[in-house]
Amino acid sequence: MAARELIALRPAPRGRDVPASAEALLRDLGGPAMLVVEGRDPSRTRGIVTLLHGNEPSGTHALLELLRSEVVPATRVVALLASVDAALAPPTFSHRMLPGRRDLNRCFREPFDGADGAIAHEALRLLREAGCEALVDLHNNTGRNPAYGVATDVDAARLGLVALFAHLYVITDLSLGSLIEATSGDFPTVTIECGRAGDSAADAAALAGLHRYVELDAIETRRPPDARIEVLCDPVRVCVRPGLRLAFGAVPMPGADLTLVSDIDRHNFQPVMPGAPVGWLGTHGTWPIEARGASGDDVSEDLFVVRDGRLETRRGIVPIMMTTDANVALADCLFYVVQPREEIGRG
Ligand SMILES: [Zn+2]
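So, how was this worked out
- Residues numbered from 1 in each chain as written.
- Predicted model: local features only at pLDDT ≥ 70, side-chain atom pairs only at ≥ 80, totals over all residues.
- Heavy atoms only, no water.
- Helix = DSSP H or I, 4+ residues; strand = E, 2+ residues; numbered from the N terminus.
- Rg over C-alpha atoms; globule rule 2.2 N^0.38 Å.
- Buried < 20%, exposed > 50% of the residue type's maximum accessible area, 1.4 Å probe, protein only.
- Contact = heavy atoms within 4.5 Å.
- Areas by Shrake-Rupley, 256 points an atom, 1.4 Å probe, with all protein chains shown as cover.
- Lys, Arg positive; Asp, Glu negative; His and termini not counted.
- Charge placed at Lys NZ, Arg CZ, Asp CG, Glu CD.
- Pairing = 2+ DSSP bridges.
- Axes fitted to C-alpha atoms, helices over the stretch in contact; angles between N-to-C directions.

1. Notes on the overall build of the protein chain
Then step 1. The number of helices and strands found in the protein chain is nine helices and 17 strands.
Then step 2. A globule of 347 residues ought to have a C-alpha radius of gyration of about 20 Å, and the protein chain, at 20 Å, matches this closely.
Then step 3. Principal axes of the C-alpha set define a box for the protein chain whose edges measure 65 × 50 × 35 Å.
Then step 4. The buried share among the 347 residues of the protein chain stands at 56%.
Then step 5. Counting contacts in the protein chain only where the partners sit at least 6 residues apart, residues at least 24 apart contribute 76% of the total.
Then step 6. As displayed, the protein chain offers around 14700 Å² of accessible surface, 50% of which is attributable to carbon and sulfur atoms.
Then step 7. Each charge class in the protein chain can be summarised by its mean position, and for the 35 positive and 46 negative side chains these summaries are 1 Å apart.

Here's what the structure looks like:
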């Protein structure tokens with residue numbers, strides 16, 4: 001099936017015209033779409049992006065509730081629902097992207113190749129043309145994570161946006177081709193990871209934050225938020241080396257080049273001591289992972305060590321976004337390691 005082009009600036013349904021379910025809304029759209037919600041001040045616009053990944057439904061659920069409510073946003077709002085076709089592929093909200101397609105949140109840079117590059121390019125054009133004063137991009141994780149924000153830099157505007165949703169803030173300097181990298185020079189942009197896909201707590205965090213975002217009279221650009229925010233930085237992306245077989249389990253799994261401890265995601269955002277078990281190598285004993293920060297150098301052997309066939313932390317780390325889904329881990333990464341930076345705010 002050919003990829004659908006992005007439907008530009010379609011008036012969003014409101015109140016009783018809103019479809020009964022997220023799935024019905026997505027079926028109505030039929031493909032990627034940017035909806036417009038009118039607000040009290042038509043001269044200003046705020047942006048919302050969600051569903052860059054089809055298996056991350058919290059933003060869509062929150063948007064649906066917002067449209068159904070009687071809330072009139074402070075400004076005009078444009079809302080991009082991106083990977084609608086991936087989200088609708090059965091079972092609903094289970095595909096990050098469709099087979100043969102690219103990870104859409106890696107497509108927001110030149111050369112904008114293929115169907116997904118074209119969608120990313122058109123989305124950027126529309127968001128810039130709308131003159132957004134801020135942009136919030138809503139995601140979920142597949143592992144157990146609290147809600148947290150991600151941005152390319154830290155300033156009052158971005159701290160304020162993250163504080164609407166969460167009290168954890170990750171500054172990323174990684175070059176992945178993500179939306180926040182593309183638009184951070186245009187307007188304050190943050191990604192919100194709302195929590196694990198399918199958790200009602202994640203949906204609630206998305207909805208509460210989205211309400212605050214659209215109802216805010218002005219985006220604060222000078223004063224940091226009152227809430228206390230913990231800032232983490234310098235993410236290192238930990239991936240399985242190409243071609244290796246990955247499994248999750250409580251014991252080493254036969255045939256796997258790396259078996260990760262199955263409840264590893266309980267460590268997300270927690271300091272992990274040196275010598276903590278991460279998993280087991282396969283019978284060949286091949287070094288199983290790569291870990292790269294902004295420099296691009298592989299620092300996996302600085303962070304981890306093998307003892308008696310067991311992969312352990314070599315030094316204290318703070319892992320985030322650990323997944324226990326082997327497909328996600330192979331398509332994206334196992335987790336990120338971050339450094340504590342500071343706490344900001346008067347909370
Ligand atoms: Zn995502």
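2. A short note on the sheet that holds strand β10 (residues 246–249)
Then step 1. Within the open sheet, the five strands sit side by side as β10-β11-β12-β15-β14. Their pairing is mixed. Single-partner strands in this sheet number two, and they are β10 and β14 (304–307). Sheet twist, expressed as the mean angle between neighbouring strand axes with direction ignored, is 30°.
Then step 2. The pairing of strand β12 (residues 277–281) with strand β15 (residues 310–313) spans three bridges and is antiparallel.

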